[in-house]
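Chains, contacts and geometry: an overview
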Amino acid sequence: MAPCAPGGGVLFYGVRRLLLVLHAGGSIVLIGASTHHALQMRHYLRGRFGREKLEKTYAKVVSVAYVLTFALGAMLYPSYRVHVRGYYLDRFAPEFSGLFDLKETYASLTLVVAVALGALAFTLRPTETPALVRVYAVMSLIVCAVVWFNVVAGLLVVSAHGVG
Amino acid sequence: MSDPRTPDASARVFAAFLAARAIFGLAYLGAAVGRLPVFWYHPFDHTWELARKPAGLAMGWYGLTAAALLAAAAGGGITYLAGARGPLARRLRRATFVLALAHAGGLVLLVDFAYFGWTLTHDTPKPWPEPKCEAEAR
């Protein structure tokens, strides 16, 4: 993949596989937690708050897993940008370049929403502020949808060309 | 007993994050569309460059995200602090105000998703030049 020296001096290239595994591991936790959290919202939207403790646990896991997965992805990014996208995808499979750009941009745009879910798990009392519950549910659904999109997009990009 | 002049804690946190989210979206979109100067990372020599357009091969995502995060943190922090007392605190006691903030933040998010969804899937990438090995250069 790298025609010259391995990695060509790119940051974290030597640990790219470890980073990819950790990034994928974080994504697995994230997709599970965000899906469970979004499913909990159906109870909230019906005014049933009996599973509040479980919901708040999912929200905290989503928040932490999102930030960790995001940070690991950011560390892996130079290896991808140079050796996957720069030397391969842009030349031979440009549609996957666009797909990855969309994935990273959507991940950035949703970061604040994911962190907000975790922070609100500490302060939100759904029984006292039912009007805010709808906003909270929409936030949960947005995070879940973006996580699903990013996992599928990530798998498709890796299927086109991995970090080696 | 809670102070009637201060809003509920969750309303303040909600407002802070909704403001932060809206500011993040506007900053990200504004910097990308307006080609504002951001920090570009040069992956081969590990240097940073503040520019509208980088000289040579560079990555803009770090700088764009960091700039938007900084703006969002500042905006969210100010909103949280301003929500403790005063006019904003009075407004935050009404759920309709927080819902209006949420609608604004949601609209910005929708515009972001639509704009970047369209441009990034319709952009033709320019491939980087093939790397030259030192051995070949000799």
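Everything quoted here is computed from the prediction, not taken from an experiment.

**Regarding the overall build of chain B**
- Secondary structure summary: chain B contains five helices and two strands in total.
- Helices and strands in chain B line up, N terminus first, as α-β-β-α-α-α-α.
- Taking 138 residues into account, the globule formula puts the C-alpha radius of gyration at 14 Å, and chain B, at 21 Å, lies well above it.
- Taking all 138 residues of chain B together, the buried fraction comes to 41%.
- A separation of at least 24 residues holds for 59% of the contacts in chain B among residues at least 6 apart in sequence.
- Surface exposure of chain B reaches about 8100 Å², of which carbon and sulfur atoms provide 66%.

**A look at the pairing of strand S1 (residues 38-42) of chain B**
All names here are of chain B.
- In terms of burial, S1 is largely enclosed, as four of its five residues are buried.
- In this sheet, strand S2 (residues 47-51) lies alongside S1 in antiparallel orientation, the contact comprising five bridges. Following the sheet pairing, Trp40 is matched in S2 by Glu49.
- Here S1 folds back onto S2, and the loop between the two strands holds four residues, one of which, His46, carries a positive phi near 55 degrees.

**Structural notes on the packing of aromatic side chains**
- All told, the structure shown has 19 aromatic pairs over all chains when counted by the stated rule.
- An angle of 50 degrees between the planes, with centres 5.6 Å apart, marks the rings of A:Tyr106 and A:Phe149 as tilted. In this pair, A:Tyr106 sits in helix H3 (residues 94-123) while A:Phe149 sits in helix H4 (residues 130-160), placing the two residues 43 residues apart along the sequence.
- We classify A:Tyr106 as buried; its relative accessible area is 13%.
- An aromatic cluster of three or more residues is present, and its members are A:Phe70, A:Tyr77, A:Tyr80, A:Phe100, B:Tyr41, B:Trp48, B:Trp61 and B:Tyr62.
- The ring of A:Phe122 carries the charged tip of A:Lys60 above its face, separated from the ring centre by 4.5 Å.
- When the ring centre of B:Tyr80 is taken as reference, the NZ or CZ atom of B:Arg12 above it lies at 4.0 Å.

**Some remarks on unusual backbone geometry**
Residue and element names in this part refer to chain B.
- In this structure, Arg35 is a non-glycine residue whose phi angle is positive, near 50 degrees.
- Position of Arg35 relative to the elements: it lies in the loop between helix H1 (9-33) and S1.
- Given a relative accessible area of 60%, Arg35 falls into the exposed group.
- Within the chain, His46 stands out as a residue other than glycine whose phi angle is a positive 55 degrees.
- Mapping His46 onto the fold places it in the loop between S1 and S2.

**Things to note about the confidence of the model for chain B**
Residue and element names in this part refer to chain B.
- Considering every residue of chain B, the mean pLDDT works out to 89; 91% of them sit at 70 or more.
- Of all secondary-structure elements in chain B, the lowest mean pLDDT belongs to helix H5 (residues 134-137), at 46, while helix H2 (residues 61-82) reaches the highest, 96.
- Scoring of the predicted complex yields 0.92 for pTM and 0.89 for ipTM.

**Observations concerning the nonpolar core**
- Ranked by internal contacts, the top residues of the largest apolar core, which has 76 residues, are A:Tyr66, A:Leu109, A:Tyr136, A:Met139, A:Val143, B:Phe14 and B:Tyr28.
- Listed by contribution, the elements that provide at least two residues to this core are helix H1 (16-45), helix H2 (52-92), H3 and H4 of chain A together with H1, S1, H2 and helix H4 (95-121) of chain B.
- Looking at this core element by element, the count peaks at 14 residues for H3(A).
- The residues touching A:Tyr66, leaving out its near neighbours within four places in the chain, are A:Leu30, A:Tyr106, A:Ala107, A:Thr110, A:Leu111, A:Ala114, A:Val143, A:Val146 and A:Val147.
- One finds A:Tyr13, A:Val82, A:Tyr87 and B:Trp128 within the second-largest nonpolar core, a separate group that totals five residues.

**Things to note about the pattern of salt bridges**
- In total, this model carries four salt bridges over all chains according to the counting rule given.
- A:Glu52 is paired through a salt bridge with A:Lys56; the nearest N and O atoms lie 3.7 Å apart. With A:Glu52 and A:Lys56 both in helix H2, this residue pair falls four residues apart, about one helical turn.
- What makes A:Glu52 partly exposed here is its relative accessible area of 22%.
- Overall, A:Lys56 belongs to the buried group, its relative accessible area being 12%.
- Between B:Asp112 and B:Arg21 there is a salt bridge, with the nearest N and O atoms lying 3.0 Å from each other. With B:Asp112 in helix H4 and B:Arg21 in helix H1, this pair connects stretches of sequence that are 91 residues apart.
- Since its relative accessible area comes to 0%, B:Asp112 is described here as buried.
- By relative accessible area, B:Arg21 is classed as buried at 5%.
- When salt bridges with common partners are traced through the structure, they connect A:Arg85, A:Asp90 and A:Asp101 into a single cluster.

What counts, and at which threshold
- Residues numbered from 1 in each chain as written.
- Chains lettered and ligands numbered in written order.
- Predicted model: local features only at pLDDT ≥ 70, side-chain atom pairs only at ≥ 80, totals over all residues.
- Heavy atoms only, no water.
- Helix = DSSP H or I, 4+ residues; strand = E, 2+ residues; numbered from the N terminus.
- Rg over C-alpha atoms; globule rule 2.2 N^0.38 Å.
- Buried < 20%, exposed > 50% of the residue type's maximum accessible area, 1.4 Å probe, protein only.
- Contact = heavy atoms within 4.5 Å.
- Areas by Shrake-Rupley, 256 points an atom, 1.4 Å probe, with all protein chains shown as cover.
- Pairing = 2+ DSSP bridges.
- Phe/Tyr/Trp six-rings, centres within 6.5 Å; stacked < 30°, edge-to-face > 60°.
- Lys NZ or Arg CZ within 6 Å of the ring centre and 35° of its normal.
- pLDDT = per-residue confidence, 0-100.
- Core = buried A, V, L, I, M, F, W, Y, C linked by side-chain atoms within 4.5 Å.
- Salt bridge = Lys/Arg side-chain N within 4 Å of Asp/Glu carboxyl O.

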